[in-house]
Amino acid sequence: MKTRITELFGIQHPIMQGGMHFVGFAPLAAAVSNAGGLGVITGLTQRTAKDLANEIAKCNDLTDKPFGVNLTFLPTVSSPDYPGYIKAIVEGGVRIVETAGRSPEAYMPILKEHGIKVVHKCTSVRHALKAQKIGCDAVSVDGFECGGHPGEDDIPNMILLPRAADELEIPFLASGGMADARSLVASLAMGADGMNMGTRFIATQEAPVHENVKKAIVAASELDTRLVMRPLRNTERVLNNPAVEKILQKEAELGKNLKFEDIINEVAGVYPRIMMEGDMDAGAWSCGMVAGLINDIPTCKELIDRIMSEAEQLIRKRLMGFL
Ligand SMILES: Cc1cc2nc3c(=O)[nH]c(=O)nc-3n(C[C@H](O)[C@H](O)[C@H](O)COP(=O)(O)O)c2cc1C
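Everything numeric in this text was worked out from a predicted model, so none of it was measured.

### So, the overall build of the protein chain
So, point 1. Each helix and strand counted, the protein chain has 14 helices and 10 strands in total.
So, point 2. Scaling as 2.2 N^0.38, a compact globule of 323 residues should have a C-alpha radius of gyration of about 20 Å, and the protein chain matches this with 19 Å.
So, point 3. With respect to the principal axes defined by its C-alpha atoms, the protein chain has extents near 55 × 45 × 40 Å.
So, point 4. Residues counted as buried form 46% of the 323 residues belonging to the protein chain.

See the structure below:
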């Protein structure tokens with residue numbers, strides 16, 4: 001399949017793996033890229049720029065296909081060394097950066113100077129237009145369904161994607177709630193040039209996370225996610241568990257007076273315990289509603305091959321059959 005996204009990134013299939021904290025390590029990024037998609041290393045999971053440089057080197061050893069690095073500009077407890085990370089990206093020969101959280105405007109000149117393609121992930125048409133204006137090559141449009149941070153507008157992809165298609169000139173990926181061939185064909189029908197998946201890629205053989213995480217995703221239904229941190233305007237969609245119930249209880253009790261410190265034990269620094277040790281109740285961790293569509297743990301290649309062959313069947317048989 002050839003779209004503006006496959007052309008832009010130089011990849012075989014219009015499928016991207018979004019940056020994921022403590023999931024997007026070299027083995028997953030390389031597996032997705034080797035399967036013909038675009039794998040992404042999560043920059044901020046690496047504690048220092050030197051660690052990121054090492055992770056990029058590992059990925060370069062595992063694949064000769066293009067891969068990207070995610071740079072997330074979110075309110076974090078301590079400010080990361082973004083210039084150092086960008087230096088590691090440039091020196092590691094990475095050609096694609098996925099930005100998220102805030103506008104990447106401040107870093108556009110240096111990224112462009114080195115010929116790096118920038119795909120900005122955003123949750124609204126206005127932010128997508130801003131990204132286009134500041135020179136991003138593509139955007140990833142993350143609907144309300146998504147795992148992680150859906151923003152504060154709560155617009156699901158059935159509305160958000162056609163709205164983005166109406167307004168944007170640069171290519172975009174549909175993100176949030178994407179799992180299979182139906183997701184891809186629907187995204188293309190709504191004007192996207194590809195799709196970005198997060199949660200689906202965690203439940204793969206190569207995702208370097210504890211088996212408990214994969215099993216939790218397979219066991220979860222579309223009813224099992226919750227939105228936390230809404231009172232802080234830093235909404236996150238997470239899988240429900242006792243820690244999440246605790247956060248929601250504190251949010252209900254404290255209302256507008258809620259401060260980050262009130263929930264710090266449930267949200268800060270919990271990812272290593274969940275993703276590496278499989279302590280599933282250690283805190284809140286991002287997960288999309290799409291968990292309801294995930295029933296197996298294939299290799300990345302099996303997953304991507306299945307999506308592409310079923311997409312072809314869907315288009316040729318089901319859709320053409322209606323005409
Ligand atoms: C466990 C997890 C961690 C994530 N961490 C990040 C992150 O650090 N930076 C980022 O830009 N997006 C992050 N995301 C969002 C994904 O890149 C992607 O946009 C999202 O998962 C798409 O929705 P889906 O899960 O329904 O596919 C994360 C998602 C998950 C599930």
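Having put the structure on the table, let's press on.
### Considerations on unusual backbone geometry
So, point 1. Even without being a glycine, D154 presents a positive backbone phi close to 60 degrees.
So, point 2. With respect to the helices and strands, D154 occurs in the loop between β6 (138–142) and α7 (157–167).
So, point 3. The residue M229 is not glycine, and still its phi comes out positive at about 65 degrees.
So, point 4. The residue M229 is located in the loop between β9 (225–228) and β10 (236–239) in this model.
So, point 5. Taking the number of C-beta atoms within 10 Å as the measure of exposure, M229 has 18 and is therefore partly exposed.

### Regarding the site of the ligand
So, point 1. The local shell around the ligand holds 29 residues, among which G18, A100, G147, G198 and G288 are the closest.
So, point 2. Mapped onto the shell around the ligand, the elements with two or more residues apiece are β3 (67–72), β8 (194–197) and α9 (199–202).
So, point 3. Per-class residue counts for the shell around the ligand are 9 nonpolar, 16 polar and 4 charged.

### As for the sheet that holds strand β4 (residues 96–100)
So, point 1. Taken in spatial order, the 8 strands line up as β1-β8-β7-β6-β5-β4-β3-β2 in an open sheet, and their pairing is parallel. Because the sheet does not close on itself, it has two edges, and the strands there are β1 (15–17) and β2 (39–42). For this sheet, the mean inter-axis angle between neighbouring strands, taken without regard to orientation, is 25 degrees.
So, point 2. By the bridge criterion, 5 bridges tie β3 to β4 in an arrangement that is parallel. The partner of V69 across the bridge, within β4, is V97.

### Some points on the packing of helix α3 (residues 49–62) against helix α4 (residues 82–91)
So, point 1. It is at 8 Å that the axes of α3 and α4 come closest, and there the two elements cross at 25 degrees. One way to sum up the angle between α3 and α4 is to call them roughly parallel. When the axes of α3 and α4 are compared, the crossing they make is right-handed. Counted together, A49, L52, A53 and I56 of α3 and G84, Y85, K87, A88 and E91 of α4 form the full contact between these two elements.
So, point 2. Taken together, the residues of the contact of α3 with α4 break down into 6 nonpolar, 1 polar and 2 charged.

### Digging into the pairing of β8
So, point 1. The alternating pattern of β8 places G194 and N196 and M195 and M197 on opposite faces, both of which are buried.
So, point 2. As paired strands, β1 and β8 are joined by 3 bridges and run parallel to one another. Each bridged residue has a counterpart across the sheet, and for Q17 the counterpart in β8 is M197.
So, point 3. Relative to β8, strand β7 (residues 172–175) runs parallel, the two being bridged by 3 bridges. Bridge pairing in β8 links A174 to M195.
So, point 4. Following the backbone out of β7, through helix α8 (residues 181–189) and into the adjacent parallel β8, one traces a crossover that is right-handed.

### What to know about the nonpolar core
As a rule of thumb, soluble globular proteins bury nonpolar side chains together.
So, point 1. Counting 89 residues, the largest nonpolar core has A29, I41, V139, V141, I202 and I217 as the members making the most contacts within it.
So, point 2. Per element, the largest residue contribution to this core is 6 residues, and it comes from helix α2 (residues 26–34).
So, point 3. I41 has contacts with G24, F25, A26, A29, E55, I56, C59, F67, V69 and N70, leaving out every residue within four places of it along the chain.

### As for the environment of D137
So, point 1. Relative to the assigned elements, D137 resides in the loop between α6 (125–133) and β6.
So, point 2. The exposure class assigned to D137 is buried, which follows from the 21 C-beta atoms found within 10 Å.
So, point 3. Put simply, D137 and D305 are 168 residues apart on the chain and 26 Å apart in space, counted from C-alpha to C-alpha.

### Details of the environment of T225
So, point 1. Following the sequence through the fold, T225 ends up in strand β9.
So, point 2. Counting along the chain gives 60 residues from T225 to W285, while the straight-line C-alpha distance between them is 10.0 Å.
So, point 3. For T225, the residues in contact, after removing those within four places along its chain, are R237, V238, L239, N240, C287, G288, M289 and A291.

### Thoughts on the packing of α6 against α7
So, point 1. One can describe the packing of α6 onto α7 by two numbers: an axis separation of 10 Å at closest approach and a directional angle of 35 degrees. Considering the relative orientation of α6 and α7, their crossing is right-handed. Where α6 abuts α7, its residues V125, A128 and L129 lie against R163, A164 and E167.
So, point 2. By residue class, the composition of the contact of α6 with α7 is 4 nonpolar, no polar and 2 charged.

The rules we used
Throughout, residues of each chain are indexed from 1 in the direction in which the sequence is written. Given that this is a predicted model, residues contribute local features only at a pLDDT of at least 70 and side-chain atom pairs are listed and counted only at 80 or more, while totals for whole chains, interfaces and linings are drawn from all residues. Numbering of helices and strands runs from the N terminus; a helix is a DSSP stretch of H or I covering at least four residues, while a strand is a stretch of E covering at least two. Taken over C-alpha atoms, the radius of gyration is set against a globule rule of 2.2 Å times the number of residues to the power 0.38. Comment: burial labels come from other C-beta atoms within 10 Å of the residue's own C-beta, placed from the backbone, where a count of 20 or more is buried, 12 or fewer is exposed, and between is partly exposed. Should the C-beta atom of a residue, placed from the backbone, lie within 6 Å of a molecule or strand, that residue is near it. Amino acids are sorted into nonpolar (Ala, Val, Leu, Ile, Met, Phe, Trp, Tyr, Cys and Pro), charged (Asp, Glu, Lys and Arg) and polar (every other residue, Gly among them). In short, DSSP must find at least two bridges between two strands for them to pair. Only the stretch in contact is used when fitting a helix axis, every axis being a line fitted to C-alpha atoms; angles between N-to-C directions are given from 0 to 180 degrees. Roughly parallel covers angles under 35 degrees, roughly antiparallel covers those over 145, roughly perpendicular covers 65 to 115, and oblique covers all other angles. For any pair of crossing helices, the crossing counts as left-handed if the nearer helix is rotated counterclockwise from the farther one by less than a right angle, and right-handed if it is rotated clockwise. Whether two residues are in contact depends on their C-beta atoms, placed from the backbone: they are in contact if these lie within 7 Å. Throughout, right-handed denotes a crossover for which the path from the first strand over the helix to the second runs clockwise when the strands point away from the viewer. Remark: nonpolar core denotes a set of buried Ala, Val, Leu, Ile, Met, Phe, Trp, Tyr and Cys residues whose joining runs through C-beta atoms within 7 Å.

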